[in-house]
Amino acid sequence: MMLRSALFALVLAGCTAPAPPQVQHSDTGCDLKVEFASIGAGIDRAVLENVDALLSSDKGVSTVGRERWGREGEITLCVATPSEADAARLFGQVKALFPAMTEKPLRVETHAGQRYQAPAKPP
């Protein structure tokens, strides 16, 4: 009887609460995606620094992945958020950090379909 009670206690001790639901991502795997591209002159590093500062201090950010993909500093930030509301709020905040017009392509989008690309300066 004692052996049975001990085994039962071990089984119960091994039981844990179910893991919290995982953040749902789009096909790209990002709740919020911020792209910094270049057309022969590097990326807008000042905007990247401002976006990094925003994301690193925001409680609505779970993780930030960084995918480097070009020779001139091109990078895509892949942001995981706890909720769509966080992604939507961050979308607006990141968009506000973009200049009114730019020579260096900047884009932000959410998995829910919000998209914005900073307008290019005319040649």
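Structure's up top.
Peer 1: Explain the pairing of strand β4 (residues 106-110) to me, using residue names and the numbers behind them.
Peer 2: When you tally the buried positions in β4, you get 4 out of 5 residues, the bulk of the element. By the bridge criterion, 5 bridges tie strand β1 (residues 32-36) to β4 in an arrangement that is antiparallel. Following the sheet pairing, V34 is matched in β4 by V108. With 3 bridges connecting them, β4 and strand β5 (residues 115-117) associate as antiparallel partners. When the sheet's bridge partners are listed, R107 is paired in β5 with Q117. Here β4 hands over to β5 after 4 residues, with G113 in that stretch at a positive phi of 110°.

Peer 1: Tell me about the nonpolar core, residues and numbers included.
Peer 2: By size, the foremost hydrophobic cluster in this structure holds 20 residues, and its most contacted members are L32, V34, F36, V51, L77, V94 and F98. Contributing elements (two or more residues each) for this core: β1, α2 (45-57), β3 (75-80), α3 (84-97) and β4. Considering each element in turn, this core owes the most residues, 5 residues, to α2. Not counting residues within four places of it along the chain, the set of residues in contact with L77 comprises L32, K33, V34, F36, L48, V51, D52, L55, V64, G65 and R66.

Peer 1: Any chance you could break down the sheet that holds strand β2 (residues 63-68) for me, citing the residues and the numbers?
Peer 2: Read from one edge to the other, the open sheet built from 5 strands follows the order β2-β3-β1-β4-β5, with strand pairing classed as antiparallel. The two strands at the open ends of the sheet, each matched to only one other strand, are β2 and β5. Put simply, the sheet's adjacent strands are angled 10° from each other on average, direction ignored. Its contacts with the sheet place α2 against β1, β2, β3 and β4, and it is angled at close to 15° to β3.

Peer 1: I'd like a description of the packing of α2 against α3, backed by residues and values.
Peer 2: Where α2 contacts α3, the axes come no closer than 10 Å and their chain directions differ by 150°. Compared by their axis directions, α2 and α3 come out roughly antiparallel. Every pair of crossing elements has a handedness; the one defined by α2 and α3 is right-handed. Where α2 abuts α3, its residues V47, N50, V51, L54 and L55 lie against L90, Q93, V94 and L97. Across the contact of α2 with α3, the residue classes tally to 7 nonpolar, 2 polar and no charged.

Peer 1: Provide a residue-level description of α3, including the pertinent values.
Peer 2: Relative to the 20 Å expected for 14 residues at 1.5 Å per residue, α3 spans 20 Å between its end C-alpha atoms, a close match to the ideal helical length. Along α3, the residues that are buried comprise D86, A87, L90, F91 and V94. Looking straight down α3, one finds that the buried residues subtend no more than 140° of arc, so they occupy a single side. Looking at α3, the residues exposed on the side facing more than 90 degrees away from the buried face are A85 and A96.

Peer 1: Describe the side chain of T76, listing the residues and the values that go with them.
Peer 2: Residue position: T76 is located in strand β3. Here W69 takes part through its side chain, which lies 3.0 Å from a polar atom of the side chain of T76. Among residues more than four places away in sequence, those in contact with T76 are K33, V34, E35, G65, R66, E67 and W69.

Procedures and definitions
Residues numbered from 1 in each chain as written. Predicted model: local features only at pLDDT ≥ 70, side-chain atom pairs only at ≥ 80, totals over all residues. Heavy atoms only, no water. Buried < 20%, exposed > 50% of the residue type's maximum accessible area, 1.4 Å probe, protein only. Helix = DSSP H or I, 4+ residues; strand = E, 2+ residues; numbered from the N terminus. Pairing = 2+ DSSP bridges. Core = buried A, V, L, I, M, F, W, Y, C linked by side-chain atoms within 4.5 Å. Contact = heavy atoms within 4.5 Å. Axes fitted to C-alpha atoms, helices over the stretch in contact; angles between N-to-C directions. Parallel < 35°, antiparallel > 145°, perpendicular 65-115°, else oblique. Left-handed = near helix turned anticlockwise from the far one by under 90°. Nonpolar A, V, L, I, M, F, W, Y, C, P; charged D, E, K, R; others polar. Expected span 1.5 Å × (residues − 1). Arc of directions from axis to C-beta. Polar contact = N/O pair within 3.5 Å; in protein donor to acceptor, adjacent residues only side chain to side chain.

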